[in-house]
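Fold and geometry: a report
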Amino acid sequence: MRVLGAESCGGVVQGLNGSIESPGFPHGYPNYANCTWLIITGERNRIQLSFVTLALEEDFDIVSVYDGQPSPGNLKLK
């Protein structure tokens with residue numbers, strides 16, 4: 001479902017390290033922002049996520065982490 005006026009953001013992070021920022025960082029992000037990031041690494045590599053700054057609006061914002069495609073069986077963190 002796409003919300004009218006929602007800003008789409010995201011992308012692909014590939015390699016040994018990288019960083020992810022929301023639109024407008026370090027200031028607020030737009031209402032209804034829908035950001036999806038794909039992190040790609042080698043078959044036997046591990047991914048470590050470190051949140052340096054994280055501000056979520058209760059009851060509106062979520063962060064979900066999946067191992068593979070976004071499906072309930074792959075959900076690792078919400």
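Residues numbered from 1 in each chain as written. Predicted model: local features only at pLDDT ≥ 70, side-chain atom pairs only at ≥ 80, totals over all residues. Heavy atoms only, no water.

Moving on to a nonpolar patch on the surface. On the surface, Ile-20, Trp-37, Ile-39, Ile-47, Leu-49, Phe-51, Leu-54, Leu-56 and Leu-77 cluster together into a nonpolar patch covering about 790 Å² of accessible area. Residue placement: Leu-56 occurs in the loop between β2 (34-40) and β3 (65-66). Accessibility expressed as a relative area gives 46% for Leu-56, which makes it partly exposed. (Patch = residues over 30% accessible without salt bridge, like charges linked within 9 Å, V, L, I, M, F, W, Y side chains within 5 Å. Areas by Shrake-Rupley, 256 points an atom, 1.4 Å probe, with all protein chains shown as cover. Salt bridge = Lys/Arg side-chain N within 4 Å of Asp/Glu carboxyl O. Helix = DSSP H or I, 4+ residues; strand = E, 2+ residues; numbered from the N terminus. Buried < 20%, exposed > 50% of the residue type's maximum accessible area, 1.4 Å probe, protein only.)

Before going further, it helps to spend a moment on the state of the cysteines. As enumerated under the stated definition, the model contains one disulfide in all. One disulfide bridge connects Cys-9 with Cys-35, the sulfur atoms lying 1.7 Å from each other. Placement of Cys-9 in strand β1 (residues 8-14) and of Cys-35 in strand β2 is noted, with a sequence separation of 26 residues between them. Classification of Cys-9 by relative accessible area gives buried; the value is 18%. By relative accessible area, which is 31% here, Cys-35 ends up partly exposed. (Disulfide = S-S within 2.5 Å.)

We now examine unusual backbone geometry. The omega angle of the peptide bond from Phe-25 to Pro-26 is 15 degrees, so this bond is cis rather than trans. Structurally, the position occupied by Pro-26 is in the loop between β1 and β2. Of note in this structure, Asp-59 is not a glycine but carries a positive phi near 75 degrees. With respect to the helices, strands and loops of the structure, Asp-59 is situated in the loop between β2 and β3. Owing to a relative accessible area of 74%, Asp-59 belongs among the exposed residues under this scheme.

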